[in-house]
Amino acid sequence: MRCETEVALPPQPSPALREREQIRCFIDVSRNVAAPLSREAGEGEGGSLGAFRYALIALTLLGAALRLYAAQGDLWLDEIWTLNLLERAHSFGDIFIGLHHDNNHVANSAWLYFIGPNAPVPLMRLAAVAFGTLAIPAAAAASRRYCDAAGLLAAFVFATSYFFVHYGSEARGYAGMTLAVLLAYSLVDAILAEGASRRRLLALAAAIGFGTFSHLTMIEASGALALTALLRFRRCGLGRAVAIGAVAGLASLPALFCFAYGALAPDFQVGAMVPLSPAIFAEGVGGIARATLGFPRGVDDFALLGAAGLLALGLLAVLPAERRVFPAIAVFGLPLLHIAAGLPSQQYPRFHSTAAIGLALLAAEGCAALWRAGARRRRAAAILLGAFAIGGAVQLADFYRFGRGHYADAVRIMAERKEARYAVDFARGETKAVVAYHARKLGVVATAVSLAEWCASPPAFLLVVDLPDSRADHAERRSAGPQDCRTVFLRRGYFPASGLSGFAWTLYERETNPEAEITRSAR
């Protein structure tokens, strides 16, 4: 199977004519050797270069629109956390070495520092929208080195996949990291196929450096790229692989230095850590399959993990050897490395972003290979692409409906009281930071009540916090507080959240009927 049909050139003595008629992309699967791309991309996949460009522009505009729409709504905890960290920054340099917390995604923090804490929410998320949108043509360029159809399919997956729309519209570092990985992968491919020019090596260093300042998970992506070069060196020469590895290591050092400087500070902090377990791991890796390729919700995490693994193996089998290496490392190798290292908090799909990128590229290039392999496999490709599109659309619809949470609406209700004294179900005390932020934005005072203060001055409101899409009990009435002064609350509102970020809130107000309130127990 070949990416494009070889065309016999007429016996023309003119080198210029031969170059114009050269086929742009030629991959001989029987020999597993990829020829470099020509600058003169005349025709590919039965269409002109202009048609490819128009299709790519349309997909990029679609992806931009999806991300701009997703950038609306309230900031959630981790975005607010970054703003709170920036209050400690006395200068721009503090963003790099003065914020001693693992939630400091440096490139994103620099953007928020530049625009200020009072900027509109869509503007705070604009950098992520820009990087997420640029990832669409970057994915097309990376996969087009296989063939034009793969390039357009990659653009489609990255434009419409819920995972990339979500993190391409959130004021954090994952969109920048995704763009950097795709640019670096394309550059590595070009270096291996066409040579390690100074321009390519500098561009690779810039992509990796930017990606590492966007999010430190770029380090594992850089390692995957260096290993990809090493495993492919027999076809391109060991020198190119060594150059790629050296650039990847050196370009990661500035961000690593900044992180190490902060990590060694006595006040360095990390977020909550959940120990690794099989269930935690299945939740996180199964979550990237669900969010990236549209697998349905409600499927058991272990079953989903198995189905996604079989799908990935099947798609790897139809690709030529040089196109398998990076996706295989990203999708299978890195999650296994997480297990071997015993890394905590693996339940979050965002911590497997490189695996999500590899899975998306694999889906695009695998479906392109199936499409060119005959009628039976073409039907399989069409079914897979349809399933990806429908599943992604369903998840995007849920996300657009509920968003990352509706915290300001809840705080507005609390502000109806002169003093909005409230308590949180004490499993999630970080909710206080979210309440405080939105109360400041609304110009009201919201005071958290501790358990020690409860009996003397019970709170007027109770916030019950659940994970997005959870099937929590939103009872009309519930009691809370210390055992000797339980207080009855009536539900005022439910504020859902959907997807990969945010929390669902249920707001309760204290029952004002004295007979309904349980005061100090006489027991």
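Residues numbered from 1 in each chain as written. Predicted model: local features only at pLDDT ≥ 70, side-chain atom pairs only at ≥ 80, totals over all residues. Heavy atoms only, no water.

Asks: It is not clear to me how the overall build of the protein should be interpreted in this structure. Could you clarify?
Replies: The secondary structure content of the protein amounts to 22 helices and 10 strands. In the protein, once contacts between residues fewer than 6 apart in sequence are set aside, the share between residues at least 24 apart is 74%. Carbon and sulfur atoms provide 62% of the accessible area of the protein, an area that totals close to 23100 Å². (Helix = DSSP H or I, 4+ residues; strand = E, 2+ residues; numbered from the N terminus. Contact = heavy atoms within 4.5 Å. Areas by Shrake-Rupley, 256 points an atom, 1.4 Å probe, with all protein chains shown as cover.)

Asks: Help me understand helix H5 (residues 106–115) in this model?
Replies: Residues lying three or four places apart along an α-helix face the same way, a consequence of the helix completing one turn every 3.6 residues. Three or more residues of H5 are buried, namely Val106, Asn108, Ser109, Ala110, Leu112 and Ile115. Tucked into the core, H5 has its buried residues touching helix H3 (77–86), helix H4 (94–97), helix H6 (121–124) and helix H11 (198–214). Gly116 occupies a position one or two residues after H5 and carries a positive phi of about 95°. (Buried < 20%, exposed > 50% of the residue type's maximum accessible area, 1.4 Å probe, protein only.)

Asks: In this structure, what is going on with the sheet that holds strand E5 (residues 420–424)? I would like to understand it.
Replies: In sheet architecture, strand pairing relies on hydrogen bonds along the backbone and comes in two forms, parallel and antiparallel. What the six strands build is an open sheet, ordered E6-E5-E7-E10-E9-E8; its pairing is mixed. Looking at strand neighbours, the two that pair on one side only are strand E6 (446–448) and strand E8 (477–480), the edges of this open sheet. The average angle at which neighbouring strand axes cross in this sheet is 40°, direction not considered. Of the strand pairs in this sheet, E5 and E6 are connected by three bridges, and their pairing is parallel. Residue pairing across strands places Arg421 opposite Thr447, the latter belonging to E6. Strand contacts of helix H20 (residues 407–414): E5, E6, strand E7 (461–466), strand E9 (487–495) and strand E10 (504–510), with the helix running at about 5° to E10, the strand carrying the most contacts. Against the sheet, helix H21 (residues 431–442) touches E5, E6, E7 and E10, its axis set at about 155° to E5. (Pairing = 2+ DSSP bridges. Axes fitted to C-alpha atoms, helices over the stretch in contact; angles between N-to-C directions.)

Asks: How do you make sense of the packing of aromatic side chains when you look at a structure like this?
Replies: Two descriptors summarise a pair of aromatic rings, namely the distance from one centre to the other and the angle between the planes of the rings. Counted by the stated rule, this structure contains 19 aromatic pairs. Taking 5.7 Å as the distance between ring centres and 85° as the angle between the ring planes, the aromatic pair formed by Phe96 and Phe213 counts as edge-to-face. On the criterion of sequence distance, the pair formed by Phe96 in helix H4 and Phe213 in helix H11 is long-range, its members being 117 residues apart. A residue is classified by how much of its surface remains accessible, and Phe96, at 27% relative accessible area, is partly exposed. (Phe/Tyr/Trp six-rings, centres within 6.5 Å; stacked < 30°, edge-to-face > 60°.)

Asks: Just checking my understanding: could you explain the state of the cysteines for this structure?
Replies: In a disulfide, the sulfur atoms of two cysteines are covalently bonded to one another. In total, this model carries one disulfide according to the counting rule given. Across a sulfur-sulfur distance of 1.9 Å, Cys455 and Cys485 are joined as a disulfide pair. Between Cys455 and Cys485, the S-S torsion sits near -70°, and that sign places the bridge as left-handed. With a gap of 30 residues between them, Cys455 in the loop between helix H22 (451–454) and E7 and Cys485 in the loop between E8 and E9 connect regions that are remote in the sequence. (Disulfide = S-S within 2.5 Å.)

Asks: For this particular structure, what's the right way to read the pairing of E5?
Replies: Consecutive side chains along a regular strand alternate between the two faces of the sheet. Buried residues dominate E5, accounting for five of its five residues. Side chains of E5 alternate between two faces, with Ala420, Tyr422 and Val424 and Arg421 and Ala423 buried alike. As judged from the three bridges shared by E5 and E7, these two strands associate in the parallel manner. If you follow Tyr422 over to E7, its bridge partner there is Phe461.

Asks: Just to check I follow, could you spell out the packing of helix H8 (residues 148–160) against helix H18 (residues 353–371) for this structure?
Replies: A pair of packed helices is captured by two measures, namely the crossing angle of their axes and the spacing between those axes. Two numbers describe how H8 lies on H18: the axes approach to 8 Å, and their chain directions differ by 140°. The orientation of H8 relative to H18 falls into the category oblique. H18 is crossed by H8, and the crossing has right-handed handedness. Judged by residue contacts, Ala149, Ala150, Leu153, Ala154, Val157 and Phe158 of H8 engage Ile357, Ala360, Leu361, Ala364, Glu365, Cys367 and Ala368 from H18. Split into classes, the residues belonging to the contact of H8 with H18 amount to 12 nonpolar, no polar and one charged. (Parallel < 35°, antiparallel > 145°, perpendicular 65-115°, else oblique. Left-handed = near helix turned anticlockwise from the far one by under 90°. Nonpolar A, V, L, I, M, F, W, Y, C, P; charged D, E, K, R; others polar.)

Asks: Quick question: what am I supposed to make of the environment of Arg232 here?
Replies: Following the sequence through the fold, Arg232 ends up in the loop between helix H12 (218–231) and helix H13 (233–236). Of the residues examined, Arg232 reaches a relative accessible area of 11% and is grouped as buried. Each C-alpha atom of the pair Arg232 and Glu322 lies 6.9 Å from the other, and the pair is 90 residues apart in sequence. Not counting the four nearest positions on each side in its chain, Arg232 is found in contact with Asp189, Leu192, Glu322 and Val325. A distance of 2.9 Å separates a polar atom in the side chain of Arg232 from a polar atom in the side chain of Asp189. (Polar contact = N/O pair within 3.5 Å; in protein donor to acceptor, adjacent residues only side chain to side chain.)

Asks: Even after reading the chapter, I still don't get the pairing of E8, so can you show me in this structure?
Replies: Pairing of E8 with E9, which is carried by four bridges, proceeds in the antiparallel orientation. By the bridge assignment, Ser479 is partnered in E9 with Val488. Here E8 folds back onto E9, and the loop between the two strands holds six residues, one of which, Gly481, carries a positive phi near 110°.

Functional significance is not addressed by these values, which are geometric in nature.
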